[in-house]
Amino acid sequence: MSLTSPAPAAAPERAAADITIPWFSSSTVTDFLRDGYWLEAPDITGDGKPDLFGHGLKAGELYWYENPTWEKRLLLDKIKEPVGADFANITGEHGDDYVISYQLYGPGGTIHHADPEGGKIDWLENPGPDAVRRGERWKRHHVGRAIGMHRLRVGHFTRHDRIQILGFPIVAVESVHSVLPIVLFTAPDDVHTAEQWDMEVVNDNQFRMIHGVARKPGLAPNGLDGILMASDEGEHSQFEQTTFRGSGDVDGGRIGDDPLAYVATLEPFHGNTVAVYVKDPVSPGSWNRFLLDTYGEPNENGEGPGHSVMCADFDGDGEDEFLIGLRGPQPWQGAVYYKAIDAARGIFVKWKVGEESTARIVAADFTGTGSMDFATISYSVEHYFVAPRAEITLHTNNTHP
């Protein structure tokens with residue numbers, strides 16, 4: 001399957017077999033970032049419109065961009081090495097609050113140098129629309145810590161009555177490939193005054209090298225949230241060449257009435273391979289793996305360009321497509337859109353829909369049209385890959401079924 005060019009500026013026509021061709025127009029939210037890594041789309045002002053919140057690891061500065069002008073405002077600075085994040089209205093007031101992990105690495109600055117004093121999680125209290133527009137710093141509240149904390153997800157995982165945070169470290173002090181603890185933090189009675197949240201270890205004897213996590217709201221039979229996790233467990237076809245196994249990022253897609261009909265992955269850690277896992281139609285509980293694409297060869301560190309996967313219904317047909325984000329360098333850079341034609345047989349078509357270095361992709365209706373748009377932030381991280389032009393880019397959905 002060859003990589004196609006982006007769709008033309010004119011409205012596209014129907015493809016063969018009644019496939020809707022994706023059509024996105026792109027605009028720059030901000031560019032020439034000093035670093036870039038993480039992106040989220042919370043509603044910061046509480047006006048019902050998703051804003052953008054982006055940051056890198058080195059500067060220790062957290063910025064948000066207000067929809068639709070995309071004016072840039074500093075939310076917090078002097079935070080040591082902010083990494084993964086998520087959001088929720090923790091206080092029940094104003095707009096969304098923000099949850100962030102930080103202080104991942106010690107001297108050396110890579111996955112081989114986990115900070116034994118780090119792995120901290122804070123939640124940042126939204127002071128309200130007037131205050132955030134004035135640029136007031138948000139108040140920090142400590143949640144807890146686990147060494148090597150790298151990804152977190154906010155939701156309701158074991159109970160409906162309290163906000164919870166699942167935390168996923170990526171590496172331990174002892175070794176890059178040591179077994180890691182997955183930890184669950186539950187909000188206290190008073191989130192404003194608590195020194196930290198109650199923590200329990202969910203699993204500490206099974207998973208290694210956790211790099212990607214996707215929350216699937218209400219996926220559990222009791223309506224609680226489910227988690228898809230990309231870790232060292234699983235596929236090992238590139239192990240001899242890269243020393244990494246499993247997958248690096250993951251998300252799950254809906255087809256028909258099944259909210260998790262397939263799982264899309266980038267393999268392995270910082271991998272170059274796109275694969276999907278599809279439920280076996282004749283063997284319940286089994287999954288079939290289909291290799292879709294390989295982008296480039298692993299570099300001297302055993303890493304490829306792949307960094308982000310996310311699923312959403314972009315063409316409005318009730319079924320999910322998925323996007324992958326390639327950090328670069330060229331020609332393996334940008335966002336690529338995949339649509340299932342016959343998922344059970346692993347048949348997908350694809351289009352390239354973004355050209356910029358892509359570390360992370362978020363999807364939301366940014367324009368208020370009822371269609372799912374997406375935004376990206378470039379990958380610019382010292383010791384790994386530094387995009388020549390790091391930016392946040394909005395891709396507006398002009399696709400019509």
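We now turn to the structure provided with this report. All values reported here derive from a predicted model rather than from experimental measurement.

What to know about the overall build of the protein chain
Turning to step 1, where the next piece is worked out: Looking only at helices and strands, the protein chain features 2 helices and 28 strands.
Turning to step 2, where the next piece is worked out: Whereas a compact globule of 401 residues would reach a radius of gyration of roughly 21 Å, the protein chain reaches 20 Å, a difference of no more than 12%.
Turning to step 3, where the next piece is worked out: For the protein chain, the spread of C-alpha atoms along the principal axes amounts to about 60 × 45 × 45 Å.
Turning to step 4, where the next piece is worked out: For the protein chain, the residues scored as buried account for 58% of the 401 residues in total.
Turning to step 5, where the next piece is worked out: Here the protein chain has roughly 16,400 Å² of accessible surface; of this, 49% comes from carbon and sulfur atoms.
Turning to step 6, where the next piece is worked out: Separation of charge centres in the protein chain, based on 33 positive and 59 negative side chains, amounts to 3 Å.

Thoughts on the pattern of salt bridges
Turning to step 1, where the next piece is worked out: This model, assessed by the stated rule, comprises 30 salt bridges.
Turning to step 2, where the next piece is worked out: Glu 40 is paired through a salt bridge with Arg 153; the nearest N and O atoms lie 3.5 Å apart. Placement of the pair is Glu 40 in strand E2 (residues 38–40) and Arg 153 in strand E10 (residues 149–155), with a sequence separation of 113 residues.
Turning to step 3, where the next piece is worked out: A salt bridge links Arg 137 to Asp 77, with the shortest nitrogen-to-oxygen separation between them at 3.5 Å. Pair noted here: Arg 137 is in the loop between helix H1 (129–134) and strand E9 (139–145) and Asp 77 is in the loop between strand E5 (71–76) and strand E6 (82–88), with a separation of 60 residues, a long-range link.
Turning to step 4, where the next piece is worked out: By relative accessible area, Arg 137 is classed as partly exposed at 45%.

Some words on the sheet that holds strand E7 (residues 97–102)
Turning to step 1, where the next piece is worked out: Spatially, 4 strands are ordered E6-E7-E8-E9 in an open sheet, and the strand pairing comes out antiparallel. Each edge of the sheet is formed by a strand with only one pairing partner; in this case those strands are E6 and E9. The average undirected angle you get between the axes of adjacent strands in this sheet is 25 degrees.
Turning to step 2, where the next piece is worked out: Inspection of the sheet shows E6 paired to E7 by 5 bridges, in the antiparallel sense. Across the sheet, residue Pro 82 finds its bridge partner in E7, namely Tyr 102.

Brief notes about the environment of Val 250
Turning to step 1, where the next piece is worked out: Mapped onto the elements, Val 250 comes out in strand E16 (residues 249–255).
Turning to step 2, where the next piece is worked out: In this structure, the C-alpha to C-alpha distance between Val 250 and His 307, residues 57 residues apart in sequence, is 9.7 Å.
Turning to step 3, where the next piece is worked out: Setting aside residues no more than four positions away along its own chain, Val 250 makes contact with Gly 212, Ala 214, Leu 228, Met 229, Ala 230, Val 263, Ala 264, Thr 265 and Val 309.

A few points about the sheet that holds strand E13 (residues 198–208)
Turning to step 1, where the next piece is worked out: The sheet built from 4 strands is open, its strands ordered E10-E11-E12-E13 with antiparallel pairing. Strand pairing shows two members of the sheet lacking a second neighbour, E10 and E13, which therefore form its edges. Each strand of the sheet is rotated relative to its neighbour by a mean of 20 degrees, with strand direction disregarded.
Turning to step 2, where the next piece is worked out: In terms of strand pairing, E10 meets strand E11 (residues 164–169) through 6 bridges, oriented antiparallel. Residue pairing for E11: Val 154 is matched across the bridge by Ile 165.

Rules and cut-offs
- Residues numbered from 1 in each chain as written.
- Predicted model: local features only at pLDDT ≥ 70, side-chain atom pairs only at ≥ 80, totals over all residues.
- Heavy atoms only, no water.
- Helix = DSSP H or I, 4+ residues; strand = E, 2+ residues; numbered from the N terminus.
- Rg over C-alpha atoms; globule rule 2.2 N^0.38 Å.
- Buried < 20%, exposed > 50% of the residue type's maximum accessible area, 1.4 Å probe, protein only.
- Areas by Shrake-Rupley, 256 points an atom, 1.4 Å probe, with all protein chains shown as cover.
- Lys, Arg positive; Asp, Glu negative; His and termini not counted.
- Charge placed at Lys NZ, Arg CZ, Asp CG, Glu CD.
- Salt bridge = Lys/Arg side-chain N within 4 Å of Asp/Glu carboxyl O.
- Pairing = 2+ DSSP bridges.
- Axes fitted to C-alpha atoms, helices over the stretch in contact; angles between N-to-C directions.
- Contact = heavy atoms within 4.5 Å.

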